[in-house]
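# Per-entry structural report
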Amino acid sequence: MTDLRHRGATDKDLQHQTSEDKGSEAEGKERDGASDNETKSDSGVPEVPVSADDTPEVLNKALSGLSSRWKNWWVRGILTLAMISFFFIIIYLGPMVLMMIVLCVQIKCFHEIIMIGYSVYHSYHLPWFRTLSWYFLLCVNYFFYGETVTDYFFTLVQREEPLRILSKYHRFISFALYLTGFCMFVLSLVKKHYRLQFYMFGWTHVTLLIVVTQSHLIIHNLFEGMIWFIVPISCVICNDIMAYMFGFFFGRTPLIKLSPKKTWEGFIGGFFSTVVFGILLSYVMSGYRFFVCPVEFNNDSNSFTVDCEPSELFQLQDYGLPPVLQSITGWTTVKLYPFQIHSIALSAFASIMGPFGGFFASGFKRAFKIKDFANTIPGHGGIMDRFDCQYLMATFVNVYIASFIRGPNPSKVIQQLLALRLDQQLHIFNSLKAHLTEKGLLPALEEAA
């Protein structure tokens with residue numbers, strides 16, 4: 001009997017174990033099936049949800065008889081002309097308005113990217129995180145723009161006691177502000193949301209790196225002269241428009257999987273159109289001091305000035321043509337501004353490498369299954385959708401100026417000398433006097449005086 005009971009218990013255990021094995025196998029198959037489905041969904045291009053039609057009612061009525069393809073073409077065209085007109089207006093209003101617009105665009109781009117993070121990770125309930133995101137934006141802007149104010153408004157800063165103190169300890173104050181935000185983040189960590197909170201912490205910092213740093217470089221380019229701001233931005237706009245036009249009418253060959261609507265025909269057509277446009281625009285703008293002179297602060301009028309004697313970069317010079325072009329045109333030389341030669345490099349980057357900023361943004365949007373960053377501009381998406389290529393261009397222009405254009409700035413050297421103690425200034429004066437005397441320049445200057 002004992003043996004029978006033992007065998008019966010054993011049989012039950014085996015049956016129970018077998019059922020558990022079958023159940024685990026079924027669960028395993030379900031997990032495998034789920035993982036297979038996830039792999040399949042991740043391996044393919046995710047479907048982008050169709051956003052609601054945000055076209056103004058006036059345009060909807062006017063274009064109601066057209067197909068969706070041509071309707072989108074007209075909507076994009078009309079609003080592109082409106083944005084270009086607005087761009088002309090802010091250029092006319094001067095550099096200060098341009099700087100404010102750049103700051104507003106930066107804040108809107110930051111808002112659009114951060115809101116995507118909130119939506120994707122469902123982080124609305126996280127304690128203090130939205131406040132901390134904007135606090136970090138404030139800290140980074142304080143650091144970058146504080147450096148700019150110190151560099152370009154040195155005399156004004158030295159004249160005002162509070163500004164002088166803030167300038168002297170600017171980096172320490174910036175670090176203290178960031179450290180405060182860092183400690184607030186650590187104190188806000190909740191046990192159930194550690195991973196999510198660190199996701200959003202990294203999301204915020206990458207967004208700051210992309211948006212704030214690039215907008216700071218745009219401001220620096222603007223101070224070098226408005227032409228270094230207008231020509232690169234205009235080249236990106238021209239490439240965007242012409243690539244769309246060539247692709248719309250002649251596009252047949254897909255360019256990249258991330259953007260199925262992009263074609264080789266649009267890419268090549270946009271390249272040649274942008275190079276020609278850059279040369280022509282540079283020729284027109286190089287003749288005006290308003291565009292070519294560095295933006296400086298006038299201490300007497302307490303305002304920005306853009307008046308100077310144009311450098312050699314913006315003075316017409318004769319350039320010899322290659323024999324092939326001489327035989328075609330009959331000209332041996334041609335008059336060009338040296339800046340036009342540089343504009344070829346700017347245009348080429350805008351049309352070849354600039355679109356990769358758009359491809360990067362397309363990959364980002366597809367990763368999170370969204371069509372646009374926002375629906376601020378009908379037919380175009382959000383502000384970030386229009387400025388994804390501009391940020392990459394801003395970095396290139398800043399590096400290009402620092403590498404090939406900018407030289408020592410005497411005014412900044414003088415500003416730094418004036419900030420020294422009187423004994424230090426006297427020591428530098430005697431050293432400079434001895435150097436000039438040794439070079440034989442000082443007697444000549446004294447005789448001329």
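Quantities reported herein were computed from a predicted structural model and do not represent experimental measurements.

What counts and how
Residues numbered from 1 in each chain as written. Predicted model: local features only at pLDDT ≥ 70, side-chain atom pairs only at ≥ 80, totals over all residues. Heavy atoms only, no water. Axes fitted to C-alpha atoms, helices over the stretch in contact; angles between N-to-C directions. Helix = DSSP H or I, 4+ residues; strand = E, 2+ residues; numbered from the N terminus. Parallel < 35°, antiparallel > 145°, perpendicular 65-115°, else oblique. Left-handed = near helix turned anticlockwise from the far one by under 90°. Contact = heavy atoms within 4.5 Å. Nonpolar A, V, L, I, M, F, W, Y, C, P; charged D, E, K, R; others polar. Patch = residues over 30% accessible without salt bridge, like charges linked within 9 Å, V, L, I, M, F, W, Y side chains within 5 Å. Areas by Shrake-Rupley, 256 points an atom, 1.4 Å probe, with all protein chains shown as cover. Salt bridge = Lys/Arg side-chain N within 4 Å of Asp/Glu carboxyl O. Buried < 20%, exposed > 50% of the residue type's maximum accessible area, 1.4 Å probe, protein only. Core = buried A, V, L, I, M, F, W, Y, C linked by side-chain atoms within 4.5 Å. 1 Å grid on protein atoms, 1.4 Å probe; cavity = no way out; pocket = protein on both sides within 12 Å on 5 of 7 lines; lining within 4 Å. Points joined across faces, edges and corners; volume = space filled by probe spheres on them.

## Points about the packing of helix H15 (residues 354-367) against helix H16 (residues 383-405)
The geometry of H15 relative to H16 is characterised by a closest axis approach of 7 Å and an angle of 130° between their N-to-C directions. For the element pair H15 / H16, the angle class is oblique. The handedness of the crossing between H15 and H16 is right-handed. Residues Gly354, Pro355, Gly357, Gly358, Ala361 and Lys365 of H15 pack against Asp385, Asp388, Cys389 and Leu392 of H16. Residue composition of the contact of H15 with H16, grouped by class: 4 nonpolar, 3 polar and 3 charged.

## What about a nonpolar patch on the surface?
On the surface, Leu66, Trp70, Trp74, Ile78, Phe249 and Phe250 cluster together to form a nonpolar patch covering roughly 570 Å² of accessible area. Elements that contribute at least two residues to the nonpolar patch include exactly helix H3 (68-93) and helix H10 (227-250). For the nonpolar patch, the element with the most residues is H3, which contributes 3 residues. The residue tryptophan 74 is located in helix H3 in this model. Tryptophan 74 gets classed as partly exposed once you look at its relative accessible area, which sits at 41%.

## Description of the nonpolar core
Judged by nonpolar contacts, the single largest core of 42 residues is most densely connected at Met226, Ile227, Trp228, Phe229, Ile230, Val231 and Phe339. Looking at this core element by element, the count peaks at 8 residues for H10. Judged by nonpolar contacts, the second largest core, of 31 residues, contains Ile113, Tyr118, Phe136 and Ile383.

## Structural notes on empty space enclosed by the protein
Here the structure, examined in full by the defined rule, presents 1 cavity of 30 Å³ or more. In this structure, the largest cavity spans a volume of roughly 80 Å³. Residue lining of the largest cavity: Ile218, Asn221, Trp228, Phe229, Pro232, Ile233, Gln390, Met393, Ala394 and Val397, and that is the complete set. Elements with a contribution of two residues or more to the lining of the largest cavity: helix H9 (194-223), H10 and H16.

None of the figures reported here should be taken as evidence of function without further support.
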